[in-house]
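Each chain is listed here by its residues.
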Amino acid sequence: MARYAMVTDLRKCVACQACTVACSAEWAVPAGHARTHVRTTPLAGSFPNLTSSPVVGQCNQCDHPPCVEPCPSGATYQDAGGIVRVDTDVCIGCGFCVDACPYEARFINPRTKKVDKCDFCRPRIERGEVPACVATCTAHAKYFGDLEDRNSEVSRLVFRDGARRMETRTVAVGPNVFYLGRPEHLDLVLSSYPPRPPRLLTAGAAWTRLLKPLVLAMVGMTFAGQAVAFFTQLHKGEGDFEE
C-alpha cells in the first residue's frame, strides 16, 4: 500500500508563489485563503551575517492527525494512502478540526461553509499525475511520491538524504511533508513556525459552536410552527364568524 509524502527542498525554493497560485486555481480557493502558502522567516543573525529562509506550508497528512478525533460528524478521515481527507457532504463546518491542526493548514471556506485543506490533489494522484503545486514549481523544489517505494525519489530524499519533519518534542504527530535545506535554515524555519499544540474541543466551545446554534434553531422552528398554527386557526375562526 502506498504511503504518500512530499519533500520541499528549501535550497531550491525561490518563494515565487507559483505553487500557491496553481493550487488556488486547481481548487478554486477563495481570495484571502490558501491550501498551500509560502512564507519567509524573519531575519536571523547579526549584520552583515544575516540569513532567512522561505518555507512552504500545507496540510502535512500526519501519521497521527489530531484533526480526525475532534470531528463530530466523521467528515475528516485518513484514507488508505495516509492522506487526511474531508467528506464535504458530511462536514458541518463547525471548525473543531481547524483548531486541532498543529500546522494551521485548515480553514473554513467562506463560499461552501465547509472545511478546506490540501489533500495532495487526490483526484490528480488517481489520474496518475503529481499534485498541482509539484507540477508547477518553477524551481523544481517539490517532490511527491510513495514513501514505501524504495525506488521513489521521496524515499531517497527522506531515508538517504535526511529530509526532516517539522515537529517538536511536544508536538510529534508524524507529518508527511519533509524539508531539505541547510541545517541552520531548517532550524530557523522550525523556530519561526513551530507546530502548536492542538486546541481540542472543550465543553464551552461545543456549546457555543455546535449545540447552541442547534438549540436556537429548534426553538425558532417551534415558535414558527406555533405562529403558523395560531394564524391558521385565527383565519378559520374569522371564516366561521362571517358565515
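A brief structural summary. Treat the numbers as computed from the prediction; the structure is a model and nothing was measured.

This paragraph deals with the environment of C91. Relative to the assigned elements, C91 resides in the loop between β7 (84–86) and α2 (96–100). Separated by 17 residues in sequence, C91 and G74 have C-alpha atoms that sit 7.7 Å apart. Look past the residues within four positions of C91 in its chain and what remains in contact with it is S73, A75, V86, K114 and V115.

Further remarks concern the side chain of D119. Tracing the chain through its elements places D119 in the loop between β9 (115–116) and α3 (122–126). A residue is classified by how much of its surface remains accessible, and D119, at 12% relative accessible area, is buried.

Looking now at the nonpolar core. Within the largest apolar cluster, 29 residues are counted, with the highest numbers of intra-cluster contacts made by M6, F120, F144 and Y179. Of all elements in the fold, only β1 (4–9), β5 (54–57), α4 (132–136), β12 (177–180) and α6 (183–192) reach the threshold of two or more residues within this core. Of the residues forming this core, the biggest block, three residues, is contributed by α6. Residue contacts for Y179: discarding those within four places in its chain leaves T8, L10, V55, V56, G57, A163, R164, M166 and L186.

This part takes up helix α1 (residues 18–27). Those residues of α1 not exposed but buried are A18, C19, T20, A22, C23 and S24. On its buried face, α1 is in contact with β2 (37–40), β5 and α4. Among the residues trailing α1, A28 stands out with phi positive, at a value near 50 degrees.

On to the sheet that holds β12. Taken in spatial order, the four strands of this open sheet run β10-β1-β12-β11, and their pairing is mixed. Among the strands making up the open sheet, the edge pair consists of β10 (142–146) and β11 (164–165). Two elements, β1 and β10, share five bridges in a ladder whose sense is antiparallel. Its bridge partner lying in β10, M6 is registered against F144.

With respect to the element layout, Q58 can be found in the loop between β5 and β6 (76–78). Looking at Q58, the relative accessible area reads 2%, which means it is buried. If near-sequence neighbours (up to four positions away) are discounted, Q58 is found in contact with M6, R35, T36, H37, A105, C118, F120, K142 and V177.

The subject of this paragraph is the layout of surface pockets. Think of a ball as big as a water molecule: rolled over the atoms, this probe shows where empty space is left. Estimates place the volume of the largest pocket at around 350 Å³. As for the largest pocket, its lining consists of 22 residues, and the residues nearest its centre are H37, R39, G57, Y103 and Y193. Contributing elements (two or more residues each) for the lining of the largest pocket: β2 and β5. Here the lining of the largest pocket takes three residues from β5, the largest share from any one element. Here the lining of the largest pocket is built from residues that sort into 13 nonpolar, five polar and four charged. Counted as a void, the second largest pocket has a volume near 260 Å³.

To continue, consider unusual backbone geometry. Of note, the bond from F47 into P48 is cis; its omega dihedral lies within 30 degrees of zero at 5 degrees. Of note, P48 is situated in the loop between β3 (44–46) and β4 (49–51). The phi dihedral of Q61 is positive, around 45 degrees, even though this residue is not glycine.

Conventions and cut-offs
- Residues numbered from 1 in each chain as written.
- Predicted model: local features only at pLDDT ≥ 70, side-chain atom pairs only at ≥ 80, totals over all residues.
- Heavy atoms only, no water.
- Helix = DSSP H or I, 4+ residues; strand = E, 2+ residues; numbered from the N terminus.
- Contact = heavy atoms within 4.5 Å.
- Buried < 20%, exposed > 50% of the residue type's maximum accessible area, 1.4 Å probe, protein only.
- Core = buried A, V, L, I, M, F, W, Y, C linked by side-chain atoms within 4.5 Å.
- Pairing = 2+ DSSP bridges.
- 1 Å grid on protein atoms, 1.4 Å probe; cavity = no way out; pocket = protein on both sides within 12 Å on 5 of 7 lines; lining within 4 Å.
- Points joined across faces, edges and corners; volume = space filled by probe spheres on them.
- Nonpolar A, V, L, I, M, F, W, Y, C, P; charged D, E, K, R; others polar.

Keep in mind that these numbers describe shape and distance, not what the molecule does.
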